[in-house]
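# Results of the structural survey
The primary structure of each chain is shown beneath.
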Amino acid sequence: MTFDASNNIVSIENASKTFTVFDHHVGSLGGRIFNAMGWGTPRKILALADVNLKIKRGEFVGIIGKNGSGKSTLMHMISGAIRPNKGGRVKREGSFIRLSLGMGFNPELSARQNVLLNASILGVSLSEIRKQFDEIINFAELVPFADTQLKFYSTGMRARLAFAVAVMVSTDLLLMDEFFGGVGDEGFKKKAHKVFNESLLKDKTVVLISHNMETIKKYCSRVFVVNDGKVSSFDNPEDAIQYYRTEIQGSSLDSENASELLDP
Amino acid sequence: MTNPQNHSKLKLRLERIGMLASTEYYQRYYGSSLGVVWAFLNPLFRILIYYLAFSYLIFRNRDPQFILYLFLGIAIWQYFSENTNRGVTLLKGKKYLIQNVGMAKSDIFLASALSTSVSFILNVFIYWLISFGFDVEYSISSILVLALFANLFLIVIGVSMILSTIHLYFSDFKHVWDISLLLGFWTVPIIWDSTYVYTTYPFMLYGNPITGILINLRNVMLYNTQMDWTVFALDFAYGLVFLSIGYFLLNRFSYKVVERA
């Protein structure tokens, strides 16, 4: 397989990921010595197994799977934050932003400073982002709190700011980790869905992890189902959901079904 | 929508590093009530305490210029220790950016060193003003202070990259570095007479680049004499070696910052 830069924004080939877990805390010098003496009990956990996938520019791709199946590891591998084991290859083009509740925000800085910092890292000039700042802060409905430190923000306020930055700032790849669940009040949720329905995400490549099958069905053009580290690709989201429900979830109402019911 | 293509990549990168550096500077000083004044007060108080202790309590009959001698020593050491001490935890501290926005890791180190450089340059400026009261003479060769500063800048970035990568694997490494800095303070001729380095402890001159930089800095900023060019060349080589090793380690192992808690 060769990477087609003109069309593919992400290409993953023969990528596996194994984490080594020690029962004894290994981050310290003491822990290292403890394990070097053979007193620790290392365990290898295969988080992803021989993944091969490509994501084209402009695609809206979904990732579904049970908790602990390897979805977040796959997301980190797509962004390049986690490297595969030897022999695997990951190639990503351009900038990315990962939308999660913490995002790239520093709680000690104000919304204005965080927006400037994040946009600058994403490759936007400061003059342009200063011009756009009012639009971003308006969209996030945070005008009175633009110069308030983020540590005083509620979870919903932070999520709105993160969403506004991701939508307004031009990035090549938008990675969303259960984002709709944390956006906050119903009003903003509607606004966020409106963004997806209208043209603001046009030409953006989006990868969305979600337990909400309605969201997956509505927006994704392709879906990856992750189960015990193995990734299956489906061109039709309904087929993916069907496969997930029958082959992986079974008929039991587990935590994923519950979250789906709570977050329609 | 913004279009990053309109700006040159270099300009955008410089803006990004400047933005990170100013954010660091802001966080360090503006959270406290005296704010940026601490950037001057901290080294000034240190110098005053050491001066009083060594000039009146320990040695008594000291050269009046001893305060300038101390000033340069403490300014250099403070810059090195503050940078490297922050450098140890820099990767872990910026994990939120590396993980979520794909931050270029080397820019983090550049920005951190730049933000500390502001205080260092201001301290050197204060030294320059004070030095006129002690009849210090300057010549055109005093401009070489910039080359010494560039050398120090390379060293702190390289060492910080090395330490920060090691810290990903050994979380209590910060304590080891704290002790190393304490030891370093007394092995560099900050307080004691640097002529001993040439006569009694020459290995310190060639084995520790901070010693060489300090001796050369005093040559151009205090004694108005020529730099020791052999020492300068060796220290610059140290800087390049530290930077190369640090950059290699950063690229090779820093992805662990996302994998490790």
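Quick note: structure is the one above.
A brief report on the enclosed structure follows.

## Structural notes on the overall build of chain B
Check the secondary structure of chain B and you find 13 helices and zero strands. Going from N to C terminus, chain B has its helices and strands arranged as α-α-α-α-α-α-α-α-α-α-α-α-α. The buried share of chain B, taken over its 261 residues, is 52%. Summed over its atoms, the accessible surface of chain B is roughly 12,200 Å², and 68% of this surface lies on carbon and sulfur atoms.

## Re the packing of helix H7 (residues 145–169) of chain B against helix H8 (residues 173–187) of chain B
All names here are of chain B. Two elements in contact, H7 and H8, have axes whose closest approach is 9 Å; the angle formed by their N-to-C orientations is 145°. Listed contacts from H8 to Val159, Leu163, Ile166 and His167 of H7 are Phe173, Lys174 and Trp177. Of the residues in the contact of H7 with H8, the class split is five nonpolar, one polar and one charged.

## Side note on the packing of helix H3 (residues 111–121) of chain A against helix H4 (residues 126–139) of chain A
Residue and element names in this part refer to chain A. Taken N-terminus to C-terminus, the directions of H3 and H4 make an angle of 130°; their axes are 10 Å apart at the nearest point. By the criterion of interaxial angle, the relationship of H3 to H4 is oblique. Judged by the sense of rotation from one axis to the other, the crossing of H3 with H4 is right-handed. Across the interface between the two elements, Ala111, Arg112, Val115, Leu116, Ala119 and Ser120 of H3 pack against Leu126, Ile129, Arg130, Phe133, Ile136 and Ile137 of H4. A breakdown of the residues in the contact of H3 with H4 according to their chemical character gives nine nonpolar, one polar and two charged.

## Points about the pattern of salt bridges
Summed over all chains, the structure comprises 11 salt bridges over all chains. Notably, a salt bridge pairs arginine 57 of chain A with glutamate 93 of chain A, separated by 3.8 Å at the nearest N-O pair. Remark: glutamate 93 of chain A occurs in the loop between strand E4 (89–92) and strand E5 (96–99) and arginine 57 of chain A occurs in the loop between strand E2 (43–56) and strand E3 (60–65); sequence separation between them is 36 residues. Between glutamate 108 of chain A and lysine 151 of chain A there is a salt bridge whose closest N-O contact spans 3.2 Å. Separated by 43 residues along the polypeptide, glutamate 108 of chain A in the loop between E5 and H3 and lysine 151 of chain A in the loop between H4 and helix H5 (155–168) bring together distant segments of the chain. Using a relative accessible area of 34% as the deciding quantity, one classes glutamate 108 of chain A as partly exposed. According to the relative accessible area criterion, lysine 151 of chain A is partly exposed, its value standing at 39%. It is possible to trace a salt-bridge network through shared partners that takes in Arg13, Arg16 and Asp107 of chain B.

## Focus: the sheet that holds E5 of chain A
Residues and elements named next belong to chain A. Strand order across the open sheet formed by six strands is E5-E6-E7-E3-E8-E9, with mixed pairing between neighbours. Each end of this open sheet is capped by a strand with a single partner; those strands are E5 and strand E9 (230–234). Within this sheet the neighbouring strands show an average axis-to-axis angle of 15°, counted without direction. Relative to strand E7 (residues 205–209), strand E6 (residues 173–177) is paired through five bridges, and the arrangement is parallel. Bridged to leucine 175 within E7 is valine 207.

Reading guide: rules and limits
- Within any chain, residue numbers begin from 1 and follow the written order of that chain's sequence.
- Lettering for chains starts from A, numbering for ligands starts from 1, and both go in the order in which the items are written.
- The model is predicted, so local features are restricted to residues of pLDDT at least 70 and side-chain atom pairs to those at 80 or more, both for listing and for counting; the totals for chains, interfaces and linings are taken over all residues.
- Think of the side-chain values as coming from all heavy atoms in the structure, minus any hydrogens and water.
- Strands here are runs of E lasting at least two residues and helices are runs of H or I lasting at least four, both read from the DSSP assignment and numbered beginning at the N terminus.
- Relative accessibility thresholds used throughout: buried, under 20% of the residue-type maximum; exposed, over 50%; partly exposed, between the two (1.4 Å probe, protein chains only).
- Exposure was quantified through the Shrake-Rupley algorithm and a 1.4 Å probe, taking into account, for residues, occlusion by the shown protein chains and nothing else.
- The convention used is that axes are lines fitted to C-alpha atoms, helices contributing only their stretch in contact, and that angles between N-to-C directions extend from 0 to 180 degrees.
- The contact criterion used throughout is that any non-hydrogen atoms of two residues lie within 4.5 Å.
- Side-chain classes follow a simple rule in which Ala, Val, Leu, Ile, Met, Phe, Trp, Tyr, Cys and Pro form the nonpolar group, Asp, Glu, Lys and Arg form the charged group, and the remainder, Gly included, forms the polar group.
- Should an angle lie under 35 degrees it is considered roughly parallel, over 145 roughly antiparallel, and from 65 to 115 roughly perpendicular; all remaining angles are considered oblique.
- By convention the crossing between two helices is left-handed if the near helix lies anticlockwise of the far one by an angle smaller than a right angle, and right-handed if it lies clockwise.
- The term salt bridge refers to a pairing of a side-chain nitrogen on Lys or Arg with a carboxyl oxygen on Asp or Glu at a separation within 4 Å.
- In this scheme, strands are said to pair when DSSP sees at least two bridges between them.

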